[in-house]
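Here's the letter readout for the chains.
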Amino acid sequence: MWDDAFPSFLIGLREGLEAGLIVSVLIATLVRSGARSRLPQVWTGVLAAISLALSFGAVLTFTAASLSATAQEAFGGALSVVAVGFVTAMVFWMRRSARTFSSEIREKVTGALGMGAGMLIVTSFLAVGREGLETALFLWTTARAAGESAGPLTGAGIGLVLAAGLCWGLYRRVLHINLTKFFTATGAVLIVIAAGVLGYGLRDLQEGRVLPGGTSYAVDLGASVDAGAWYSTLVQGVFNLTPTMTWLQVAGYAGYLAVVMTLFLRGASTRPADPAPKAPRTKPAGMPSARRRPAWVAPVAVVAAPAVLAGAVVVLGGSRPAGAQTVAVSETDCGKGFTAPKAGRQTFRMRNTGDRTSEVYLVDPGTGAVYGEVEGLAPGTTRDLVATVAGGTYAWRCVAGSGKAVTSRAVRVTGGGGTTAVVPVSAQDLAAPLKSYKAYVDHGLAALVTQAHRLSDDVTAGRLGAARADWLTAQRTYASLGAAYGTFEDYDQKIDGRPDGLPGGVHDKDFTGFRRIEYGLWHGQSASELTAPAQQLAADTAALRKAFPTQDFDPGDLPLRAHEVLENTLQFELTGDADQGSGTELATADANITGTRELLTVLRPLLTSHAPHLLPTVDADLARLQKLLDSAHHGGSWTPVDRLEATARARLNGAIGQLLEDLSPVPDLLEIRKSA
């Protein structure tokens, strides 16, 4: 249960902090200003946001519907940007209030708040609503993947309670702060928080394909910073700073912080004289009093509206398609309830009637081709599977946690039209490509051992000029073996680890391998300082080659690495993040392409049969990318990434981005599925 609860605990803590910090400051502002009568406006916004989140969760649960990934990101990003706008307006309102202090401050602030009632409601609603929607979506998907809801809900509840406690502590603290200092300090804090929300929102809009630059990384510490650790969660929750940030995120964060903070502090440093108090306005004699609506009307209306809307969606939009079949999934009841459907797009309700989490595939029993699938279907749960059915024979294949595959009876569908299917790949199908690739890696490791020893000999003899050339040769050889990194276990960190995250950075004793030697060779370290690291590298490469034949190489890794090797290239090499002074990151990228070509070569027979139109497109992408890299290679030197012209760098990032997009179907096409 804890394994399912802990991720939800972290998300509850983070989302709770993001929402609670802003609400705490708003409440403390009202209390310190003597405007407690305006607290219902804040709580109205909070309750409306909670109602919206719960209603969203109900829609997801009772309609089995979900936003697409891009829609989720675009929606969240847009809401973030809107929230930043309202928070910024609130901050400058606070600054203006701080500039009019006098003995009548309570009356003035209360009057100002009277004009900003709607802003209080909307600000608190957005602060909580955005995080509430994200939390509801996260918990729904987590509970579905875990097959139970107790663990995720418990973890999230604990995280939210802890976040509320931290925010309460902040609230109690600021009540005892000088009011002038309080407005300035909390305004500055809100600006920092808003800058993080803006950066986070821009990233969401990039992932939602609303804004460009989603693969142009300015900072990427994902390999050295654990994004799921408690300290990372706190930093992300308070400041919205993540280990990986794009250039647009960084520009938005820094630009907003610089401009808004400057304007805020400049305004806070000047305090004009208090204006003369205005005479109180009186109601003309004989004018009837305006009829006031009960105080409970607005809160009830804003809280009830999301619930009513969600109910309408569940009743009207969440109804199951007419004639949808409920099909049993288990080792004993696989396919029970399945009858021949009509041709066309059909929805099947897959119900796990067994006691183990299962996978289920709609297949052609003759060829094993897969038309649709549901993975991770927990016992007692139901999920929809949507597939297009044409004339042909269909059956269900159920694979329980034990790995045993059971195929249901087949049915015949008559009718025209056509549909596409994925021919399943087994571990046996990948055996020959894996054998070929392992031979390629073994040959590369043999060359690497020789090159590492030559590098060590050069360093020991003080031939540092020759060592620089030998370093690049050996490092490129290692980079070309990228699809096997997951098999190398701890050796990869020893041989090609970066200093990110190490307590001592580049001077840490655990900073070893190619990057350690690169740092020394290009930062003026002597041969005596580099002899031990060079000898250690030679020893580690020899130990890796000896261990490799006995290491477990999962055949399913081959399709995954076809995409991941170049994804890492985009994140590390093309950002210059891994560079320790040599400026040869494009040479490493070139080696990564060599490794990707070899991987696609061994997978070519399978890819040709499963997606005949994919390889020509990928080959063209590779040729385009190779041409761009070659233009940065001049004899024995490579242009450093940070010295590329802006146009050349944009073309390079665009070329590898297109290649990644075209390679993205490979893992799904060649996923190992139980076929019998």
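Residues numbered from 1 in each chain as written. Predicted model: local features only at pLDDT ≥ 70, side-chain atom pairs only at ≥ 80, totals over all residues. Heavy atoms only, no water.

Enquirer: Is there a simple way to explain the overall build of the chain in this structure?
Expert: What the chain contains, in helices and strands, is 20 helices and 12 strands. For the chain, with 676 residues in total, the buried portion stands at 48%. Taking all contacts inside the chain whose residues are at least 6 apart in sequence as the whole, residues at least 24 apart take part in 76%. Accessible surface, the chain: about 31600 Å² in total, of which carbon and sulfur atoms supply 59%. (Helix = DSSP H or I, 4+ residues; strand = E, 2+ residues; numbered from the N terminus. Buried < 20%, exposed > 50% of the residue type's maximum accessible area, 1.4 Å probe, protein only. Contact = heavy atoms within 4.5 Å. Areas by Shrake-Rupley, 256 points an atom, 1.4 Å probe, with all protein chains shown as cover.)

Enquirer: In this structure, what is going on with the nonpolar core? I would like to understand it.
Expert: Soluble globular proteins tend to bury their nonpolar side chains together. Grouped together as the largest cluster of nonpolar side chains are 68 residues, with contacts concentrated most on Tyr437, Phe488 and Leu586. Considering every element that reaches this core, the biggest residue donor is helix H17 (residues 585-610), with 10 residues. Phenylalanine 488 has contacts with Val441, Leu445, Tyr478, Leu481, Leu544, Phe548 and Gln551, leaving out every residue within four places of it along the chain. Counting residues in hydrophobic clusters, the runner-up holds 20 residues, among them Cys334, Met350, Val406 and Val411. (Core = buried A, V, L, I, M, F, W, Y, C linked by side-chain atoms within 4.5 Å.)

Enquirer: Can you help me understand the environment of isoleucine 656 in this one?
Expert: Relative to the elements of secondary structure, isoleucine 656 occurs in helix H19 (residues 646-663). For the pair formed by isoleucine 656 and glutamate 567, sequence separation is 89 residues and the distance between their alpha carbons is 8.4 Å. Among all residues touching isoleucine 656, those that are not within four sequence positions of it are Leu566, Thr569, Leu570, Leu574 and Leu625.

Enquirer: What should I look at first to understand a nonpolar patch on the surface in this one?
Expert: Residues Leu47, Ile50 and Leu54 make up a contiguous nonpolar surface patch of roughly 290 Å² in combined accessible area. Looking at the element boundaries, leucine 54 is found in helix H2 (residues 39-63). By relative accessible area, which is 62% here, leucine 54 ends up exposed. (Patch = residues over 30% accessible without salt bridge, like charges linked within 9 Å, V, L, I, M, F, W, Y side chains within 5 Å. Salt bridge = Lys/Arg side-chain N within 4 Å of Asp/Glu carboxyl O.)

Enquirer: How should I be thinking about the confidence of the model for the chain in this particular structure?
Expert: Note: predicted coordinates in regions of low pLDDT should not be interpreted at a detailed level. Mean pLDDT over the chain: 77, with 69% of residues reaching 70 or higher. Counting contacts from residues 64-69, a segment whose pLDDT is below 50, to residues more than four positions away or on other chains yields 11 contacts. Between residues 272-291, whose pLDDT stays under 50, and residues either more than four places distant or in other chains, the model counts nine contacts. (pLDDT = per-residue confidence, 0-100.)

Enquirer: Any chance you could explain the environment of arginine 651 here in plain terms?
Expert: Along the chain, the position of arginine 651 falls in helix H19. Judged by its relative accessible area of 53%, arginine 651 is exposed. Separated by 27 residues in sequence, arginine 651 and arginine 624 have C-alpha atoms that sit 9.9 Å apart. Beyond its immediate stretch of four places on either side in the chain, arginine 651 contacts Arg624 and Leu628.

Enquirer: How should the pairing of strand E6 (residues 370-377) be read in this particular structure?
Expert: Within a regular strand, side chains alternate between the sheet's two faces. Note that strand E5 (residues 358-363) and E6 share five bridges and pair antiparallel. Residue pairing for E6: leucine 362 is matched across the bridge by glycine 372. Once E5 ends, the chain turns through six residues before running back antiparallel as E6, passing glycine 368 with a positive phi of about 80°. (Pairing = 2+ DSSP bridges.)

Enquirer: How should I be thinking about the sheet that holds strand E3 (residues 325-329) in this particular structure?
Expert: Strands belonging to one sheet form pairs held by backbone hydrogen bonds; the direction of such a pair is parallel or antiparallel. Sheet architecture is open: three strands sit in the order E3-E4-E7, paired in mixed fashion. Each having just a single partner strand, E3 and strand E7 (382-389) make up the two edges of the open sheet. On average, each strand axis in the sheet is inclined to that of its neighbour by 35°, with strand direction left out of account. (Axes fitted to C-alpha atoms, helices over the stretch in contact; angles between N-to-C directions.)

Enquirer: Before we go on, may I ask you to explain the pattern of salt bridges in this structure?
Expert: Pairing between side chains of opposite charge can happen when their charged atoms approach one another. Per the stated rule, a full pass over the model turns up 10 salt bridges. Between lysine 509 and aspartate 510 there is a salt bridge, and its shortest N-O distance comes to 3.4 Å. Arginine 561 is the partner of aspartate 557 in a salt bridge, and the nearest nitrogen-oxygen pair spans 3.7 Å. Taken together, the positions of aspartate 557 and arginine 561, both in helix H16 (residues 557-573) and four residues apart, correspond to about one turn of that helix. When sorted by exposure, aspartate 557 lands in the same class as arginine 561, which is buried. What emerges from the salt-bridge pattern is a single network uniting Asp496, Arg515, Glu518 and Glu585.

Enquirer: Just to check I follow, could you spell out helix H18 (residues 614-630) for this structure?
Expert: Residue pairs spaced three or four apart in an α-helix point in one direction, given the helix's 3.6 residues per turn. Between its terminal C-alpha atoms H18 stretches 24 Å, which fits the 24 Å expected from 17 residues at 1.5 Å a residue. Listed in full, the buried residues belonging to H18 are Leu614, Leu615, Val618, Asp621, Leu622, Leu625, Gln626 and Leu629. With its buried residues spanning 135° around the axis, H18 presents them on a single face. Facing away from the buried side of H18 by over 90 degrees, the exposed positions are Pro616 and Lys627. (Expected span 1.5 Å × (residues − 1). Arc of directions from axis to C-beta.)

Enquirer: How should the side chain of threonine 531 be read in this particular structure?
Expert: Looking at the secondary structure, you find threonine 531 in helix H15 (residues 527-547). Contacts of threonine 531, omitting those with residues within four sequence positions, involve Val459 and Thr460.

Enquirer: How do you make sense of the pairing of strand E4 (residues 344-352) when you look at a structure like this?
Expert: Bridge count for E3 against E4 is five bridges, and the pairing is parallel. Directly across from threonine 326, in E4, lies its bridge partner arginine 349. In this sheet, E7 lies alongside E4 in antiparallel orientation, the contact comprising eight bridges. Across the sheet, the residue bridging to threonine 347 is valine 386, located in E7.

Enquirer: For this particular structure, what's the right way to read a negative patch on the surface?
Expert: A cluster of like negative charges, contributed by Glu489, Asp490, Asp552 and Asp554, occupies part of the molecular surface. By the secondary structure assignment, aspartate 554 is in the loop between H15 and H16. The partly exposed category is assigned to aspartate 554, whose relative accessible area is 38%. (Lys, Arg positive; Asp, Glu negative; His and termini not counted. Charge placed at Lys NZ, Arg CZ, Asp CG, Glu CD.)

Enquirer: Could you clarify how one ought to interpret the side chain of glutamine 249 in this entry?
Expert: Mapped onto the elements, glutamine 249 comes out in helix H9 (residues 247-268). Separated by 3.3 Å, the side chain of glutamine 249 and the backbone oxygen of glycine 199 make a polar contact. Setting aside chain neighbours within four positions, we find glutamine 249 in contact with Gly199, Tyr200, Arg203, Gln206, Thr242 and Thr244. (Polar contact = N/O pair within 3.5 Å; in protein donor to acceptor, adjacent residues only side chain to side chain.)

Enquirer: Would you explain the packing of H16 against H19 in this entry?
Expert: Any two packed helices are characterised by the angle at which their axes cross and by the distance between the axes. One way to put it is that H16 packs onto H19 with a least axis distance of 9 Å and a crossing angle of 160°. Taken together, the axes of H16 and H19 lie roughly antiparallel to each other. As for how H16 packs across H19, the hand of that crossing is left-handed. Contacts between H16 and H19 involve Ala562, His563, Leu566, Glu567, Thr569 and Leu570 from the former and Asn653, Ile656, Leu659, Leu660 and Leu663 from the latter. A breakdown of the residues in the contact of H16 with H19 according to their chemical character gives seven nonpolar, three polar and one charged. (Parallel < 35°, antiparallel > 145°, perpendicular 65-115°, else oblique. Left-handed = near helix turned anticlockwise from the far one by under 90°. Nonpolar A, V, L, I, M, F, W, Y, C, P; charged D, E, K, R; others polar.)

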